[in-house]
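Each chain is listed here by its residues.
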Amino acid sequence: MNEQFPTFREPYGGHLADSRRLSDHRAAFRSLIRGSKQVLIMEAHDAISARIAARAGFQALWASGLTMSSVAGYRDCSEMSWTDLVNRVAIVIEASNRPVLVDADNGFGNFNNFRIIVQRLSGLGAAGVVVEDKLFPKLNSLVDGPQDLEAIGSFCGKIKAGLDARLDPEFQIIARVEALISGHGVDEALDRAHAYCEAGADGVFLQSRQPTANEVFAFARRWNRAAPLLLAPTTFSATMPSEYAAHGIGAIICANHSLRSAMRAMQNVCARILATGGIHALGDDVVPIAELFDLMDYQELARAQKIYE
Ligand code: SPV
Ligand code: MG
């Protein structure tokens, strides 16, 4: 056997076996969302999107329910099972070597469903989870349709069950407030956010689908800052980053932008191939094949072959 064998610690996705690194991720994420500097959390839905975001320099990733469901062929209304979600999250964590915040919808049922998911995700090395106060099955917040809320008391019980089930106290349980989505207004959103923090939530994700940030800023002005505030400004995307900072909002989730940009690129390349009758004119519309091999770290395989073969 080659003498380097015992010290070779660079397998594909090798951080996954390194529990010290995973707890570093959790601690890093915890500080990122509490820090004075704004953090951008980039969406990822598979290994490629996770690696591209990590290489680009994002410090944390959002495992989006919408995009992970979409790439699996499901609509974002609890059609995808929680076990499927957990398996896809494992791929994102393994491929990115970054803290991953997971969208667990409404916990796929009651407190009991949610605490099982928390156990699995914290065991996998996720940095945290977002759980939303809507009823199962839930509908994506940006889609017109029923957006009914869970009672405050039972959602607080769900949060407590998650806190008791997490395998590491650094694993963040973020309560997502859907009061604005369900048309209840800022007062209800504040009541809920305060109740969820009293129940122990580590942060609040306030969801809105207005074309401007006015209602989230109205919330932020009255928020007691008991916990960090996270936003996914998909529908009010023109708002400037400095405005979030001015309202004490430190974590911005780019919730679906990897998938939507990939869709645009795919549409363009499909149209171009059909328009030109082949792949001869694509040029920079596609990455060189070597870039794919580089992203998937075939170099590591070659190094490992020298040691193990
Ligand atoms: C997701 O990315 O799945 C989200 C954010 O929950 S949103 O789609 O904007 O509700
Ligand atoms: Mg979602």
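1. Quick notes on the sheet that holds strand β7 (residues 229–231)
Phase 1: Read once around its circumference, the closed barrel built from eight strands follows the order β1-β2-β3-β4-β5-β6-β7-β8, with strand pairing classed as parallel. The average angle at which neighbouring strand axes cross in this sheet is 25 degrees, direction not considered.
Phase 2: Here five bridges tie strand β4 (residues 128–132) to strand β5 (residues 172–177), and the two strands are oriented parallel to one another. Across the sheet, residue G128 finds its bridge partner in β5, namely Q172.
Phase 3: Its contacts with the sheet place helix α6 (residues 152–165) against β4 and β5, and it is angled at close to 165 degrees to β5.

2. Describing the pattern of salt bridges
Phase 1: Going through the model one piece at a time under the given rule, you end up with 18 salt bridges.
Phase 2: For R88, the salt bridge is made with D84, and the minimal N-O distance between the two is 2.9 Å. Here R88 pairs with D84, and both are found in helix α4 (residues 82–96), just four residues apart, close to one helical turn.
Phase 3: The residue K138 makes a salt bridge to D105 at a minimum N-O spacing of 3.4 Å. Here D105 lies in the loop between β3 (100–103) and α5 (111–124) and K138 lies in the loop between β4 and α6, a separation of 33 residues in the sequence.
Phase 4: Given a relative accessible area of 6%, D105 falls into the buried group.

3. Re the site of ligand 1
Phase 1: Neighbouring residues of ligand 1: W62, S64, G65, L66, D76, D103, N140, S141, L142, R176, Q207 and A255.
Phase 2: Here an oxygen atom of ligand 1 and a side-chain polar atom of D103 are 2.8 Å apart.
Phase 3: A distance of 2.8 Å separates an oxygen atom of ligand 1 from a polar side-chain atom of Q207.
Phase 4: Here ligand 1 has 280 Å² of accessible area as a free molecule, and 100% of this is covered by the chains.
Phase 5: Judged by its atoms lying within 2 Å of the grid points, ligand 1 is housed in the largest cavity.

4. Re the packing of helix α2 (residues 47–56) against α4
Phase 1: The geometry of α2 relative to α4 is characterised by a closest axis approach of 8 Å and an angle of 35 degrees between their N-to-C directions. Read as a crossing pair, α2 and α4 show a hand that is right-handed. Contacts between α2 and α4 involve A47, A50, R51 and A54 from the first element and I91, V92, A95 and S96 from the second.
Phase 2: Tallied by class, the residues present in the contact of α2 with α4 amount to six nonpolar, one polar and one charged.

5. A closer look at α2
Each α-helix winds once per 3.6 residues, and so residues spaced three or four apart point in a common direction.
Phase 1: Those residues of α2 that sit buried are A47, S49, A50, R51, A53 and A54.
Phase 2: Looking at the buried positions of α2, the neighbouring elements they touch are β1 (39–44), β2 (60–63), α4, α10 (257–276) and α11 (289–295).
Phase 3: Put simply, D46 is the residue that caps the front of α2, since its side-chain oxygen is 3.3 Å from the backbone nitrogen of I48.
Phase 4: Positive backbone phi, at 120 degrees, marks G57, one or two positions downstream of α2.

6. Looking at the environment of D103
Phase 1: For D103, the location among the structural elements is in strand β3.
Phase 2: Of the residues examined, D103 reaches a relative accessible area of 5% and is grouped as buried.
Phase 3: From its side chain, D103 meets the backbone nitrogen of G65 in a polar contact 2.9 Å long.

7. A look at α10
Phase 1: Between its terminal C-alpha atoms α10 stretches 28 Å, which fits the 28 Å expected from 20 residues at 1.5 Å a residue.
Phase 2: Among the residues of α10, S258, L259 and V269 are the ones counted as buried. Here the buried residues of α10 occupy an arc of 90 degrees about the axis, which is enough to place them on one side. More than 90 degrees from the buried face of α10, the exposed residues found are R264, L274 and A275.
Phase 3: Among the structural elements, β1, α2 and α3 (65–71) are those in contact with the buried residues of α10.
Phase 4: Just downstream of α10, G277 is the residue with a positive phi angle, here 80 degrees.

8. Looking at the pairing of β3
Phase 1: Neither face of β3 is open: one carries V100 and V102, the other L101 and D103, and all of them are buried.
Phase 2: As defined by bridge partners, β2 adjoins β3 across three bridges and the pair is classed as parallel. Residue pairing for β3: W62 is matched across the bridge by L101.
Phase 3: Pairing between β3 and β4: three bridges, direction parallel. Within the sheet, the bridge partner assigned to L101 lies in β4 and is G128.
Phase 4: Following the backbone out of β3, through α5 and into the adjacent parallel β4, one traces a crossover that is right-handed.

How each quantity is defined
- Residues numbered from 1 in each chain as written.
- Chains lettered and ligands numbered in written order.
- Predicted model: local features only at pLDDT ≥ 70, side-chain atom pairs only at ≥ 80, totals over all residues.
- Heavy atoms only, no water.
- Pairing = 2+ DSSP bridges.
- Helix = DSSP H or I, 4+ residues; strand = E, 2+ residues; numbered from the N terminus.
- Axes fitted to C-alpha atoms, helices over the stretch in contact; angles between N-to-C directions.
- Contact = heavy atoms within 4.5 Å.
- Salt bridge = Lys/Arg side-chain N within 4 Å of Asp/Glu carboxyl O.
- Buried < 20%, exposed > 50% of the residue type's maximum accessible area, 1.4 Å probe, protein only.
- Near = heavy atom within 4 Å.
- Polar contact = N/O pair within 3.5 Å; in protein donor to acceptor, adjacent residues only side chain to side chain.
- Areas by Shrake-Rupley, 256 points an atom, 1.4 Å probe, with all protein chains shown as cover.
- 1 Å grid on protein atoms, 1.4 Å probe; cavity = no way out; pocket = protein on both sides within 12 Å on 5 of 7 lines; lining within 4 Å.
- Sits in = over half its atoms within 2 Å of the grid points.
- Left-handed = near helix turned anticlockwise from the far one by under 90°.
- Nonpolar A, V, L, I, M, F, W, Y, C, P; charged D, E, K, R; others polar.
- Expected span 1.5 Å × (residues − 1).
- Arc of directions from axis to C-beta.
- Right-handed = clockwise from strand over helix to strand, strands pointing away.

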